[in-house]
Amino acid sequence: MSFATKYNPEETESKWYAYWMEHKFFSSKVDHTKEPYTIVIPPPNVTGVLHMGHMLNNTIQDVLIRKARMEGKNACWVPGTDHASIATEAKVVSMLKERGIDKKSLTREEFLKYAWEWKEKYGGIILEQLKKLGASCDWDRTKFTMDPDLSEAVISVFVDLHKKGKIYRGIRMVNWDPQGKTALSDDEVITKEIQSKLYYIQYNIEGTENEFLTIATTRPETIMADVAICINPNDPRFAHLKGKKAIIPLINRAIPIIEDEYVDMEFGTGCLKVTPAHDINDYELGLKHKLEVIDILNDDGTLNEKAQILIGEDRFIARKRISKMLAEIGQMEKVEEYKSNVGHSERTNAIVEPKLSLQWFLSMEDITKPALQSVMDDIIQLHPPKFKNMYRSWMENVRDWCISRQLWWGHQIPAYYLPNGEYVVAQSKSEALEIANEKYGIAYKSEDLVQDEDVLDTWFSSWLWPISVFDAKVFSEGKKNEDLKYYYPTNDLVTAPEILFFWVARMIIAGYEYMGEKPFKNVYLTGIVRDKQGRKMSKSLGNSPDPLELIKIYGADGVRTGMLFSSPAGNDLPYDDKLVEQGRNFANKIWNAFRLVKGWEIDPELDGQENQAAIHWFENRFNESLTEIEDHFNKFRISDALMTSYKLVWDDFCSWYLEMIKPAYQQPIDAATYERTILFFEDILKILHPFMPFITEEIWQQIKERNTEDALIVSEWPSPKSFDVQTIAEAQQVFEVVSQIRNIRASKGISPKEAFELTIKTQQPDLYLRFEMVLKKLANLSKLEFGDQVANSLGFIVKSDECFIPMIGQVDVESEKENIQKELEYTRGFLNTVMKKLMNERFVSGAPAQVLEIERKKQADAEAKIKALEESLVNLG
RNA sequence: GGGAUCUUAGCUCAGUUGGUUUAGAGCGCUGCUUUGACAGAGCAGAGGUCAUGGGUUCGAAUCCCUUAGGUCCCA
């Protein structure tokens, strides 16, 4: 049997993924004999394609789910997508544009037909891509937030919350996206500092010849919407203006000069123009002073007829033109450069316009309380916990949630308007009709009712996700099905911190509101994948590698491990191809270890006694590592768990264990050692499987004949056994001797082929005798002896044992002395710090016994070492 | 402006209640090694006054304060 020296992942991956699917290893059904372990996927945007963030996120979920499955739990990972109102509608609109169709020319029904067509065609791409990564989702459970049952759930929840009085309709200043033509929640607005200008504009005072006041504004195009000028009543500069009126330039409308301490006397000129329709603070001021509201902007950001001038111009063009017009009539005093923070739409990047509009809101004050409490009390744990603070500050200062969006793609708000000006909220139009007719005693017909045009915020459906994927009917029927009873609450949620508020907090809110129970126990927050310059990876920057291309080049296992190598929870991941390269190299290393072992002939005549020490050591070392790995997993230190596994395999198993037991070239191995080695290898494959599912399954299946039920994916996760630290420490000492001898060869330029004779001066010769064969093999020794200093030899010290290697040629005494002198100095310095502690009365009386013992051991070791070094110096002359 | 958080080797990070550490890992780097699982490799090595200045303590990378810089959240 011969294998390629390089592992080729491509065919292995498709083969085993198909095998796992075929045998339904990913599927989960209610089974009360098993403990459920559940993850719901953060539903990717249905318009999305796989990006590096998904890779990281889903790799982590797959690691968790695969490990749980091997631990014998009933592992259920529910996949799906969300309908992403704004993003999808934008995609559909641009698709229509390409076909020469204007959205405005379509009815809602026609538009939705195109939208579904688009969704059917492109909506599944991202889930298919996840399969390439190895994601072991229960695909039969795939859900979409606009599936009929999930939609019904959303409507039920709206109706229910409305009934509870938590949903209301109100005029509010909202963040308006003039490009997407929809309201945005505060969280969908990204504030960016941009370079803008501060315009100083003069307003004449009514009834005077040439008296004027000056206001400073960044938005001169809104002066036509001014309804007042506000001054601070304590400002002596403007006392004479009290009770007068100012005249808006260009349109010559007179507006009152009002007083309010809200005005900052230091900022600008101290005179504030009040424009309630176009500024949130002015709006509040307007309410307080009962001012009129003049809205001069259309939904698309152009000026309307109320502006009187520049009607139909875009707001930014209008700004430039008005600035020029003001200058022409001499009422532009000056223009200054100014840095200001401006809100941008997360989806369209358009500058957000504060706009008054009638929207639907969810009152957040009461509903958030249990959700805050459960995180504060660690009933739900955030990993890393630093996010608790952020979560708290958000939940304590939460504002009502604007849940309506001026779009067609999504869940249409189930509010029906009646000819009498009232409205009814109901599950369906027919229900609404019944309610309306009963309530108002009028026989309305179906066509009299007009449903609200708007849809609900996408998060208003995904906040139900951990519930609705199992049981969408629970909201209307109030009785849980078996799935929901069994799988809810889920265990772990893996997502990005940027949607902690958007989504995670709201799921917790919905969980308590509808289940009276948390939706998950742990929230693992990943970092953001960035490029080498620290920029977020994005399509527009073009700085992201194509994930599928990466999988092709480095293999899914390589990419998975590469992504995890440097990604502690909550930390950003600066992506570098080196990482996935390292992952690929690791897969190759495992492959070659397998080639080695698989190539051995077995000789039943051999007793393999000399391998006992190696086997005994590795068994202990394995359990030590496994214990550490479990600890890392328990603390959600996934990359540490990987690194510990990596070192166990590469350093301990490959570099030490296999080298120790490896028979000479073309020599056979004894049966006992071989069998034990296969068992070790199998345990290693198990530990690696969650990280590298494909290569491990491949080797697992090649190492032995397996039945279907013996596939690695469903094999039993090894449980850590106790281990003997002494055994591990002793081996460490032997390894140190080997390294020192290799070091001598390297530094003296002596070939590894040249055998050495080693003499050790030690109290514990049996330790070295146990490893005699190992020492001879790994350090290439022809002889191992115990005794005193050997003449004309090179020496080194390990712990308190002295080792000597006789040299045939002349030893460079001076350089040897120099080396010893250096080590002596270091050791003396070290002893000094130890002694300082031990000489200290308060340390000796105060420190715990264990610490004292450690310090005394350090002292003894250091002293022995110093003595040995000094002797060596003397012997060298 | 308010708040949170971070600053440890060239890079990315560990260092868990102060004492197994005059500080560790992976990658990178330097040198040597190509017949025997693997050059996608082996072996060895170099590299840090733990951001700064102070304080608490018998003892500080770890606790407190100062300063500087970064990141994030909120306004």
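Residues numbered from 1 in each chain as written. Chains lettered and ligands numbered in written order. Predicted model: local features only at pLDDT ≥ 70, side-chain atom pairs only at ≥ 80, totals over all residues. Heavy atoms only, no water.

1. Points about the overall build of chain A
1) Next: A count of helical and extended segments in chain A gives 29 helices and 31 strands.
2) Next: Taking 29 Å as the expected radius of gyration for a compact globule of 877 residues, we find that chain A reaches 37 Å, considerably beyond that expectation.
3) Next: Considering only C-alpha atoms, chain A reaches an extent of 115 × 65 × 55 Å along its principal axes.
4) Next: Out of the 877 residues in chain A, the part that is buried amounts to 53%.
5) Next: Here chain A has roughly 40300 Å² of accessible surface; of this, 49% comes from carbon and sulfur atoms.
6) Next: Charge centroids of chain A, computed over 108 positive and 135 negative side chains, lie 2 Å from each other. (Helix = DSSP H or I, 4+ residues; strand = E, 2+ residues; numbered from the N terminus. Rg over C-alpha atoms; globule rule 2.2 N^0.38 Å. Buried < 20%, exposed > 50% of the residue type's maximum accessible area, 1.4 Å probe, protein only. Areas by Shrake-Rupley, 256 points an atom, 1.4 Å probe, with all protein chains shown as cover. Lys, Arg positive; Asp, Glu negative; His and termini not counted. Charge placed at Lys NZ, Arg CZ, Asp CG, Glu CD.)

2. Focus: the domain arrangement of chain A
1) Next: On domain assignment, one finds that chain A holds domain 1 (191-351), domain 2 (547-723) and domain 3 (751-876).
2) Next: The C-alpha-based centres of domain 2 and domain 3 are spaced at 34 Å.
3) Next: Facing the seven residues of domain 2 at the interface are six residues of domain 3.
4) Next: Broken down residue by residue, the surface that domain 2 buries against domain 3 is led by E610, A613 and M660, which jointly contribute 66%.
5) Next: Between domain 2 and domain 3 we count zero salt bridges in total. (Domains from an automatic or database assignment. Contact = heavy atoms within 4.5 Å. Buried area = accessible area lost by both parts, 1.4 Å probe. Salt bridge = Lys/Arg side-chain N within 4 Å of Asp/Glu carboxyl O.)

3. Side note on the protein's contact with RNA strand B
1) Next: Around RNA strand B sit 42 residues, and of these R399, R637, Y826, F830 and R842 come closest.
2) Next: Separating a phosphate oxygen of RNA strand B from a side-chain N or O atom of R399 is a distance of 2.4 Å.
3) Next: Between RNA strand B and the protein, one listed contact pairs a sugar or linking oxygen with a side-chain N or O atom of K647 at 3.0 Å.
4) Next: Counting residues per element, the ones that place at least two in the surface near RNA strand B are α19 (577-598), α21 (638-661), α24 (725-748), α27 (813-839), α28 (841-846) and α29 (849-876).
5) Next: Per-element accounting of the surface near RNA strand B gives the leading share, nine residues, to α19.
6) Next: Here the residues of the surface near RNA strand B are counted per class, giving 13 nonpolar, 14 polar and 15 charged. (Near = heavy atom within 4 Å. Polar contact = N/O pair within 3.5 Å; in protein donor to acceptor, adjacent residues only side chain to side chain. Nonpolar A, V, L, I, M, F, W, Y, C, P; charged D, E, K, R; others polar.)

4. Comments concerning the side chain of S357
1) Next: Along the polypeptide, S357 turns up in strand β14 (residues 353-362).
2) Next: When near neighbours in sequence (up to four residues on either side) are disregarded, S357 contacts G170, I171, R172 and V174.

5. A few points about the packing of α24 against helix α26 (residues 772-779)
1) Next: Interaxial distance between α24 and α26 falls to 10 Å at its minimum, and their mutual angle equals 25°. The angle between α24 and α26 falls in the class roughly parallel. Considering how the two elements wind past one another, α24 and α26 form a crossing that is right-handed. Of the residues in α26, those in contact with V734, V737, V738, I741, R742 and R745 of α24 are L775, L778 and A779.
2) Next: Partitioned by chemical class, the residues of the contact of α24 with α26 number seven nonpolar, no polar and two charged. (Axes fitted to C-alpha atoms, helices over the stretch in contact; angles between N-to-C directions. Parallel < 35°, antiparallel > 145°, perpendicular 65-115°, else oblique. Left-handed = near helix turned anticlockwise from the far one by under 90°.)

6. A closer look at the sheet that holds strand β28 (residues 756-761)
1) Next: The mixed open sheet is built from four strands, whose spatial order is β29-β28-β31-β30. Only two strands of the sheet have a single neighbouring strand rather than two, namely β29 (781-786) and β30 (793-798). With strand direction ignored, the average angle separating the axes of adjacent strands in the sheet is 20°.
2) Next: Where β28 and β29 come together, five bridges link them in parallel fashion. Directly across from E757, in β29, lies its bridge partner K783. (Pairing = 2+ DSSP bridges.)

7. Observations concerning the sheet that holds strand β20 (residues 450-451)
1) Next: Ordered by their spatial adjacency, three strands build an open sheet running β19-β18-β20, and the pairing between neighbours is antiparallel. Looking at which strands have only one partner, the edges of the open sheet turn out to be β19 (423-425) and β20.
2) Next: Its contacts with the sheet place helix α11 (residues 429-440) against β18 (415-417) and β19, and it is angled at close to 125° to β19.

8. Observations concerning the packing of aromatic side chains
1) Next: This model, assessed by the stated rule, comprises 44 aromatic pairs.
2) Next: Consider the rings of W360 and Y423, whose centres lie 5.3 Å apart with planes at 80°: the pair is edge-to-face. Placement of W360 in strand β14 and of Y423 in strand β19 is noted, with a sequence separation of 63 residues between them.
3) Next: Taking the relative accessible area as the measure of exposure, W360 reaches 1% and is therefore buried.
4) Next: Judged by its relative accessible area of 25%, Y423 falls in the partly exposed class.
5) Next: Between W394 and F501, the aromatic rings sit 5.0 Å apart at their centres with planes inclined by 10°, giving stacked as the arrangement. Taken as a pair, W394 in helix α10 (residues 387-396) and F501 in helix α16 (residues 500-515) lie far apart in primary sequence, 107 residues in all. For the pair W394 and F501, a shared accessibility class is recorded, and that class is buried. (Phe/Tyr/Trp six-rings, centres within 6.5 Å; stacked < 30°, edge-to-face > 60°.)

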